[in-house]
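So you can see what is in the structure, the chains are spelled out below.
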Amino acid sequence: MSIKENQISQTIAFVKEQLKSSEGGHDWFHIERVYKNALLIAQNEDVDLFVVQLGALLHDIADSKFHNGDETVGPKVAGEYLSEIGVDAAVIEHVINIIKNISFGGGNELQKFHSPELDVVQDADRLDALGAIGIARTFNYGGFKNRTLYDPSILPNLNMSKEEYKTSNAPTINHFYEKLLLLKDKMNTKTGRQIALERHQFMEQFLEQFYAEWDGEK
């Protein structure tokens, strides 16, 4: 096993341990799906695969939504860990920048860092917010936060600031319009766009069925 392969194995074990008690949509299985998505997308991109792997594995190591909105925790934990296992400083800096810039954050703020590796990991993460898995994760988190399923009197807010997005307690259905249905057009890679389109269409079908059942039409 090469040094990098060993570092990836160590990181997988570290992430599993760190996230063993996490909410179901942000647990190890979420990381594993994003990791697989990232490897798939990276096949068609000119990227540093090691950076992509570490970025995918550590992108949610300390999601700010579970740390009182503190966005410094994840990069700090990841940076300290990677330093401990002897990862090159330039790689650590790149992974930290991926963690800092991967978030959707309401979709109205300019991204401050760009790289092909971030593009891949960001697409991989966004794919897990789409389709059947995306629907399941959305309602799981809504239940975790004790949110209303749907309230026709509360309309989606498409012009939220990052802070408003982070503190929103809107009904779960609103999240489809405030984030999930917007992701298709925010994908960075050709592979990501292709997969996102199919998952997007599945969510549209779900919403059509949801409203029909809500209104007693089916």
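The structure this text deals with has already been given above.
Residues numbered from 1 in each chain as written. Predicted model: local features only at pLDDT ≥ 70, side-chain atom pairs only at ≥ 80, totals over all residues. Heavy atoms only, no water.

(A) Examining the overall build of the protein chain more closely. Helix and strand counts for the protein chain stand at ten helices and zero strands. In the protein chain, the order of α-helices and β-strands from amino to carboxyl end is α-α-α-α-α-α-α-α-α-α. For 218 residues, the compact-globule formula gives about 17 Å, and the C-alpha radius of gyration of the protein chain, at 18 Å, lands near that figure. Seen along its three principal axes, the alpha-carbon backbone of the protein chain occupies a region of about 60 × 35 × 30 Å. A total of 218 residues make up the protein chain; the buried ones form 46% of that total. Contacts in the protein chain between residues far apart in sequence, at least 24 positions, make up 67% of those at least 6 positions apart. For the protein chain, the exposed area adds up to about 11,500 Å²; of that, 49% sits on carbon and sulfur atoms. (Helix = DSSP H or I, 4+ residues; strand = E, 2+ residues; numbered from the N terminus. Rg over C-alpha atoms; globule rule 2.2 N^0.38 Å. Buried < 20%, exposed > 50% of the residue type's maximum accessible area, 1.4 Å probe, protein only. Contact = heavy atoms within 4.5 Å. Areas by Shrake-Rupley, 256 points an atom, 1.4 Å probe, with all protein chains shown as cover.)

(B) Molecular detail of the environment of Gln111. On the secondary structure map, Gln111 appears in the loop between α5 (89-101) and α6 (116-127). Taking the relative accessible area as the measure of exposure, Gln111 reaches 25% and is therefore partly exposed. For the pair Gln111 and Lys100, spaced eleven residues apart in the sequence, the C-alpha separation amounts to 9.6 Å. If we ignore the near neighbours within four places in the chain, the residues touching Gln111 are Asn101, Leu118 and Gln122.

(C) Focus on the packing of helix α3 (residues 49-58) against α5. For the pair α3 and α5, interaxial distance at closest approach is 9 Å and the crossing angle is 45 degrees. By the angle class used here, α3 and α5 are oblique. α3 and α5 meet at a crossing whose hand is right-handed. Contacts from Phe50, Val51, Leu54, Gly55 and Leu58 in α3 reach Val91, His94, Val95, Ile98 and Ile99 in α5. Of the residues belonging to the contact of α3 with α5, the class tally is eight nonpolar, two polar and no charged. (Axes fitted to C-alpha atoms, helices over the stretch in contact; angles between N-to-C directions. Parallel < 35°, antiparallel > 145°, perpendicular 65-115°, else oblique. Left-handed = near helix turned anticlockwise from the far one by under 90°. Nonpolar A, V, L, I, M, F, W, Y, C, P; charged D, E, K, R; others polar.)

(D) Summary view of the side chain of His30. Positionally, His30 belongs in helix α2 (residues 28-42). Within the structure, His30 has its side chain in polar contact with the side chain of Asp125 (distance 3.3 Å). For His30, the residues in contact, after removing those within four places along its chain, are Gly25, His59, Asp60, Asp125, Asp128 and Arg137. (Polar contact = N/O pair within 3.5 Å; in protein donor to acceptor, adjacent residues only side chain to side chain.)

(E) Local environment of the packing of aromatic side chains. In this structure the tally under the stated criterion is eleven aromatic pairs. Taken together, a centroid distance of 5.7 Å and an interplanar angle of 85 degrees make the contact between Phe210 and Tyr211 edge-to-face. For Phe210, a relative accessible area of 15% translates into the label buried. Residue Tyr211 is classed as partly exposed on the basis of its relative accessible area of 23%. (Phe/Tyr/Trp six-rings, centres within 6.5 Å; stacked < 30°, edge-to-face > 60°.)

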